[in-house]
Amino acid sequence: MLLRYLVFRVGRALVTLALMSMMVFGLTRLMGDPVSLLVAIDASEELREQTRERLGLDGSLTEQFTDFVLSALQGDFGNSIYRSMSSRDLLLDALPATLLLAAVAAAIAILVGVSIGVVASLKPRSWLDTVVSSISMAGVSMPEFWIALLLIFWLAVGLGLVPTSGSGTWLHLVMPAIVLAIRPIGSIAQVTRSSMIDQMRADYVVTAYAKGLKTPTIVRRHVLKNAGIPVVTMGGVEIADLMTGAIVVETIFNWPGVGRLASHAMQTIDYPVIQTVVFWAALITIVMNLLVDLSYAWLDPRTRQETR
Amino acid sequence: MSGVVKLPSSSGLPLYRLIIRDKFALASALFLVAIVLMALLAPILAPFDPTELHLRDVLRPPAWQERGTSLYLLGTDGLGRDNLSRIIYSSRISLSVALAVVAITLVIGTLVGLMTGVLRGRVDQCFMAITDAVMAFPGLLMIMAVVAVLGGGLTTIIIALSVRYWTTYARVVRGMVISLRETDFVLAAQVLGGSQWHAMRTHMLPNIVSPLAALIPLELGRTMLAEASVSFLGFGVQPPMTSWGLLVGGARDYIASAPWLIIYPGMALFLTILSANVFGSWLRLAADPMHRGRLGT
Amino acid sequence: MSASQQDSTEPPVVETDQPLLSVRGLVTEFVTPAGIIHAVNDVSFDVYSGETVGVVGESGSGKSVAVRSVLGLLSQPPGRIVAGEAVFEGHDLLRLDNYALSVIRGSDIAVIFQDPGTSLNPVLTIGSQISEALRIHQDISRTAARRRSVELLQMVGIPNAKARLDEYPHQYSGGMRQRAMIAMAMANRPKLLIADEPTTALDVTTQAQVLDVLKLAKKESEAATILITHDLGLIAEMADRVVVMYAGRVLETGSVFDIFHRPRHPYTIGLLASLPRIDTELDSLHSIRGAPPTTLPTGCAFHPRCDLGKGRARCAEEVPHLNDVGVGHRSACHFHEEIKDEVRAGDINLEHR
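Residues numbered from 1 in each chain as written. Chains lettered and ligands numbered in written order. Predicted model: local features only at pLDDT ≥ 70, side-chain atom pairs only at ≥ 80, totals over all residues. Heavy atoms only, no water.

### Considerations on the overall build of chain B
And then number 1: Helix and strand counts for chain B stand at eleven helices and zero strands.
And then number 2: Seen in sequence order, chain B has helices and strands lined up from the N terminus as α-α-α-α-α-α-α-α-α-α-α.
And then number 3: Sorting the 297 residues of chain B into buried and exposed places 52% on the buried side.
And then number 4: For chain B, the computed accessible surface area is about 13,500 Å², with 66% contributed by carbon and sulfur atoms. (Helix = DSSP H or I, 4+ residues; strand = E, 2+ residues; numbered from the N terminus. Buried < 20%, exposed > 50% of the residue type's maximum accessible area, 1.4 Å probe, protein only. Areas by Shrake-Rupley, 256 points an atom, 1.4 Å probe, with all protein chains shown as cover.)

Below, the structure is given as structure tokens:
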């Protein structure tokens, strides 16, 4: 039963992967001719042809795509057009930085988001609740680039607490992590709060009180698990986002992660690198979805019996 | 306490009376109206032409700071252009792009959602696979890619954002169609002999319109944020047009020397998105009779 | 369920000097944006040890709210206990703080709720929920609690109790769930058991099974019971005394015999007359005309639907008090004397028919 489910999910994941590969392939080919960016404007047609051949861009689209797929299956994503490294290596080099940043931001977001969400839900419509709701709303509406620049201005330039950009020390991590954590804090807090409020209204909570339990125990032992599912779902989305989409933040803070790599690759129409990055994003999304689904089974025993 | 006492719902009240109860929602709705008015009345409200250069008044701070003058309330930029006027005029682009995108995605999304929801089978599976792929694609990257393909400009950014965000409405509509088509009144209509198309139009659409409309402010907020991010990076709206994101992006180098060029455009953007989100959240609850009891929680 | 004809002997009321629970003048309301709902309006009743008091009334009569108010189980906004006292073993429950209440709940006073499907936590095993009930109030180890939980499940008739201990509520049938709830409630040998519509969510066959378990639990523990229901048949089978509620007011109280054979309130008579009967032929089922009120009427709460009052001014103006109409039998009707003796449900001569 579980096996069938897994197989089905993997199948769907592969389809998504394939579609995304086709999409990025098509898009990048349409984006322009990287050759013209590589050679001088007045370069001869012959030189262009040679460059094209060298880059493997001379076949028909279908040929190129097939090549791409076949190589990808072997773990070879082609070489970057601009750098002298394979795009896979470029990605792997950039990964640790992104993962570190994502991990720290995620940790902050989950800890803060869940805590304030739970606290607010216990006293709905109190001033505490209003404060938390306002913070979450603000978090979700905040333009990353704006708050990033403001923080740089205040903390780095103004107070000199942290370096303005770059990486290498823990201090460098502070601002980007904070900026990245802002929106997830908002969304996680919102979801936690509303899920908890829903659960606290449930009949089993009345039963728990009738048994003689007190509120902190009830929240901890009975409610949190029940309230968990929407929170885990949102958490999964936000974490996936952190690992694939921090382009703006990495650019502003010059953080050597996947986002910055992608940004540069876009500007230079570096096909293989773009494709590799998209592949990575697809992988993360798929894995994250799977993990979230598995956690449902742990959180709610009722789902264990269902065959999807 | 569920099941013990049936509390009367507030569902009898019309929307405008409901919103008065929620101060935050009311404030954000009013703010949005103010922004729209500002955009419409820009030529009257803005003290200067936003493209007008004042080379003798380059990089002036806001009026209340040293070196600032009341002529340029929010200061000027590196070419002497009035910050306030540029912010006012930017609202036009930021708002129009968002509105255009929401309008397009609403139409496309609804059509696709209706189609796949009604036709089911292979079409539906296909559709689900496509939306999965689109949604898994890193957002900014896709937008940047489309912009790179089509070249910069207003139409491009609108198209790019639409390509990215049509799936939201499509999924919502599909979900509603699926749950509605199982309802008794739709089945009854079919038994009575109407075609699928007819059933769709007469019975499903009215039930769908309200929740869809309720989503609009939220989508507007999201689109505005995306456009601002892309314009900030240089891939979105192009000069001589201005949007709030573009203003901040252009001022990046002046972070230390002229922070007002970043603070105020960004604040306008933030407050507008915030209002859209606050109002949108309220609207989503208020428009759904089942959830009105939650208003105020 | 049609009312079964009880023996004619009036069962003796088990009485000690003091009632176990004494509720006086309870007033509870709900504050909502649309207005204030007066759910409980000046309700008083007593429960003596060992007896079963049936609280009967339509939906919305306030019976559940009244009893939940006693234990402080209402959500306090929007609910609000405005007045009254509920004295249990010398303490006024309504004046106790949450800590003191939590000591009493689940040990001295236990509750069984209506819908076991939602009243049990779906993500925890039945065993852990019963063990928890035990360990809150008794200082016992986990293993001991587990063993006791098995015994409790066996007592309520769950087959294969040891294995079923580790199952989740959704793996139990509706009747089994309710029995598990009963086991959980009885875990600490409560002195007072409150059963809030215990069989309403179950089908008829399961109802009978659960009732048997309830009776067994009652016998074993000698607990007093408050049975809240709209089902008169249940009352007839289980209750010693009855409290009839309507629109948040108590309209009549008395022994189960008195209520069924000598009802002294038009509402009670109407309720009894609405029951389908096997022994007479009727063309149509009787029902009380009108519907339960949304806003509280002035004067007697029942007067808009009453055929006895016949529009007399006193009914609309003055709230009737509970008058003694017999030994341990009281009725809140201005004109109760006009109701003839020994009226049986089929014989009621209601003028509008």
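### What about the interface of chain A and chain C?
And then number 1: Between chain A and chain C, the contact holds 20 residues from the first and 26 residues from the second.
And then number 2: Interface area for chain A against chain C, summed over the two sides, is near 2,000 Å², with a carbon-plus-sulfur share of 60%.
And then number 3: Note that C:Glu132 and A:Lys211 form a salt bridge whose closest N and O atoms lie 2.9 Å from each other.
And then number 4: Taken together, the links from chain A to chain C amount to eleven residue pairs in polar contact (both at pLDDT 80 or more). (Contact = heavy atoms within 4.5 Å. Buried area = accessible area lost by both parts, 1.4 Å probe. Salt bridge = Lys/Arg side-chain N within 4 Å of Asp/Glu carboxyl O. Polar contact = N/O pair within 3.5 Å; in protein donor to acceptor, adjacent residues only side chain to side chain.)

### Comments concerning the pairing of strand S9 (residues 241-246) of chain C
All names here are of chain C.
And then number 1: Most of S9 is tucked away, with six of its six residues classed as buried.
And then number 2: As judged from the four bridges shared by strand S3 (residues 52-56) and S9, these two strands associate in the parallel manner. Note that in S9 the partner of Val-56 across the bridge is Val-244.
And then number 3: When S9 meets strand S10 (residues 249-255), the two strands line up antiparallel, connected through six bridges. By the bridge assignment for S10, Val-244 is matched with Glu-252.
And then number 4: Counted along the chain from S9 to the antiparallel partner S10, the turn is two residues long, and its residue Ala-247 has a positive phi close to 50 degrees. (Pairing = 2+ DSSP bridges.)

### Details of the side chain of B:Thr116
And then number 1: With respect to the secondary-structure elements, B:Thr116 resides in helix H4 (residues 83-119).
And then number 2: A polar side-chain atom of B:Thr116 sits 3.3 Å from the main-chain carbonyl oxygen of B:Gly113.

### Here we look at the packing of aromatic side chains
And then number 1: Per the stated rule, a full pass over the model turns up nine aromatic pairs over all chains.
And then number 2: Considering the side-chain rings of A:Phe145 and B:Phe232, the 4.6 Å spacing of their centres and the 15 degrees angle between planes classify their relative orientation as stacked. Here A:Phe145 is found in helix H7 (residues 144-158), whereas its partner B:Phe232 is found in helix H9 (residues 196-233) on a different chain. Both residues of the pair, A:Phe145 and B:Phe232, belong to the buried class.
And then number 3: When the ring of B:Trp64 is compared with that of B:Tyr264, the centres are 6.0 Å apart and the planes differ by 85 degrees; the resulting orientation is edge-to-face. Of this pair, B:Trp64 sits in the loop between helix H3 (42-45) and H4 while B:Tyr264 sits in helix H11 (residues 260-286), and the two are 200 residues apart along the sequence.
And then number 4: Three or more aromatic residues joined by ring pairs form one cluster here, namely C:Tyr246, C:Tyr267 and C:Phe302.
And then number 5: Of note, A:Lys225 hangs over the ring of A:Trp298, and the distance from its end group to the ring centre comes to 5.3 Å.
And then number 6: The positively charged end of C:Arg164 is found above the aromatic ring belonging to C:Tyr172, 5.3 Å away from the centroid. (Phe/Tyr/Trp six-rings, centres within 6.5 Å; stacked < 30°, edge-to-face > 60°. Lys NZ or Arg CZ within 6 Å of the ring centre and 35° of its normal.)

### With respect to the domain arrangement of chain A
Residue and element names in this part refer to chain A.
And then number 1: Assigned domains of chain A: these are domain 1 (1-81 + 269-308) and domain 2 (94-268).
And then number 2: The straight-line distance from the C-alpha centre of domain 1 to that of domain 2 is 29 Å.
And then number 3: Across the domain 1 to domain 2 interface the summed buried area is about 1,600 Å²; carbon plus sulfur atoms make up 78%.
And then number 4: Ranking the residues of domain 1 by area buried against domain 2 places Trp-280, Met-288 and Leu-299 at the top, with a combined share of 33%.
And then number 5: At the boundary of domain 1 with domain 2, the tally comes to zero salt bridges.
And then number 6: Element by element, the count of residues in the side of domain 1 that touches domain 2 is highest for helix H13 (residues 271-299), at twelve residues. (Domains from an automatic or database assignment.)

### Brief notes about the pattern of salt bridges
Side chains that differ in charge, positive against negative, can pair when their charged atoms come close.
Residues and elements named next belong to chain B.
And then number 1: One pass over the structure, following the stated rule, counts 30 salt bridges over all chains.
And then number 2: Salt-bridge contacts for Asp-124 lead to Arg-174; the nearest nitrogen and oxygen are separated by 2.6 Å. Placement of Asp-124 in helix H5 (residues 121-136) and of Arg-174 in helix H7 (residues 154-181) is noted, with a sequence separation of 50 residues between them. Each member of the pair Asp-124 and Arg-174 is classed as buried.
And then number 3: In this structure, Arg-222 engages Glu-219 in a salt bridge whose closest nitrogen and oxygen atoms are separated by 3.2 Å. Separated by three residues within a single helix, Arg-222 and Glu-219 lie in helix H9, roughly one turn from each other.

### A closer look at the environment of B:Ile178
And then number 1: Among the structural elements, B:Ile178 can be located in helix H7.
And then number 2: As for B:Ile178 and B:Leu114, which are separated by 64 residues in sequence, their C-alpha atoms are 9.2 Å apart.

### Concerning the interface of chain B and chain A
One frequently used descriptor of interface size is the decrease in accessible area upon assembly of the parts.
And then number 1: Taken together, the contact between chain B and chain A spans 45 residues of the former and 43 residues of the latter.
And then number 2: Buried area between chain B and chain A, both sides added, is near 4,000 Å², and the carbon and sulfur share of it is 79%.
And then number 3: Our count for the chain B to chain A interface comes out at one salt bridge.
And then number 4: Note that B:Asp132 and A:Arg12 form a salt bridge whose closest N and O atoms lie 2.9 Å from each other.
And then number 5: Among the elements of the structure, H5, helix H6 (139-150), H9, helix H10 (244-250) and H11 of chain B are those that each provide at least two residues to the side of chain B that touches chain A.
And then number 6: Here the element with the most residues in the side of chain B that touches chain A is H11(B); it accounts for eleven residues.
And then number 7: Along the lines of polarity and charge, the residues of the side of chain B that touches chain A split into 34 nonpolar, eight polar and three charged. (Nonpolar A, V, L, I, M, F, W, Y, C, P; charged D, E, K, R; others polar.)

### Quick notes on H7(A)
Residues and elements named next belong to chain A.
And then number 1: Helix length check: H7 (15 residues) gives 19 Å between terminal C-alpha atoms against 21 Å at 1.5 Å per residue, within 8%.
And then number 2: The largest bend in H7 comes to about 25 degrees, at Ile-152.
And then number 3: Burial in H7 covers these residues: Phe-145, Trp-146, Ile-147, Ala-148, Leu-149, Leu-150, Leu-151, Ile-152, Phe-153 and Ala-156.
And then number 4: Positioned one or two residues after H7, Gly-160 has a phi angle of 65 degrees, which is positive. (Expected span 1.5 Å × (residues − 1). Bend = angle between axes of the 7 residues up to and from the residue.)

### A word on the sheet that holds strand S1 (residues 21-32) of chain C
All names here are of chain C.
And then number 1: The four strands are arranged S2-S1-S4-S5 in an open sheet whose pairing can be described as antiparallel. Each of the sheet's edge strands pairs with one partner strand only, and the pair in question is strand S2 (35-47) and strand S5 (91-92).
And then number 2: Of the strand pairs in this sheet, strand S4 (residues 79-88) and S5 are connected by two bridges, and their pairing is antiparallel. Considered in S5, the bridge of Val-87 is made with Asp-92.
And then number 3: The strands that helix H1 (residues 63-71) touches are S1, S2 and S4; relative to S1, the one it contacts most, it runs at about 105 degrees. (Axes fitted to C-alpha atoms, helices over the stretch in contact; angles between N-to-C directions.)

### Regarding the state of the cysteines
And then number 1: According to the stated counting rule, one finds zero disulfides over all chains in the structure shown.
And then number 2: Here C:Cys300 stays free of any disulfide, with the sulfur of C:Cys315 as its closest cysteine sulfur at 6.1 Å. (Disulfide = S-S within 2.5 Å.)

### Overview of the pairing of strand S8 (residues 224-229) of chain C
Residue and element names in this part refer to chain C.
And then number 1: In terms of burial, S8 is a largely internal element, six of the six residues being buried.
And then number 2: Residues Ala-224, Ile-226 and Ile-228 line one face of S8 and the alternating positions Thr-225, Leu-227 and Thr-229 line the opposite face, and both faces are buried.
And then number 3: Bridging between S3 and S8 involves five bridges; their strand directions are parallel. By the bridge assignment for S8, Val-56 is matched with Thr-229.

### Regarding unusual backbone geometry
And then number 1: Cis peptide bonds are those with omega within 30 degrees of zero, and the linkage from B:Pro239 to B:Pro240 qualifies with 10 degrees.
And then number 2: Here B:Pro240 is to be found in the loop between H9 and H10.
And then number 3: The residue C:Asp42 is not glycine, and still its phi comes out positive at about 65 degrees.
And then number 4: Inspection of the secondary structure puts C:Asp42 in strand S2.
And then number 5: Positive phi values are uncommon outside glycine, yet C:Glu197 reaches one of about 50 degrees.
And then number 6: Examined against the element boundaries, C:Glu197 turns out to sit in the loop between strand S7 (192-196) and helix H8 (204-221).
And then number 7: Accessibility expressed as a relative area gives 7% for C:Glu197, which makes it buried.

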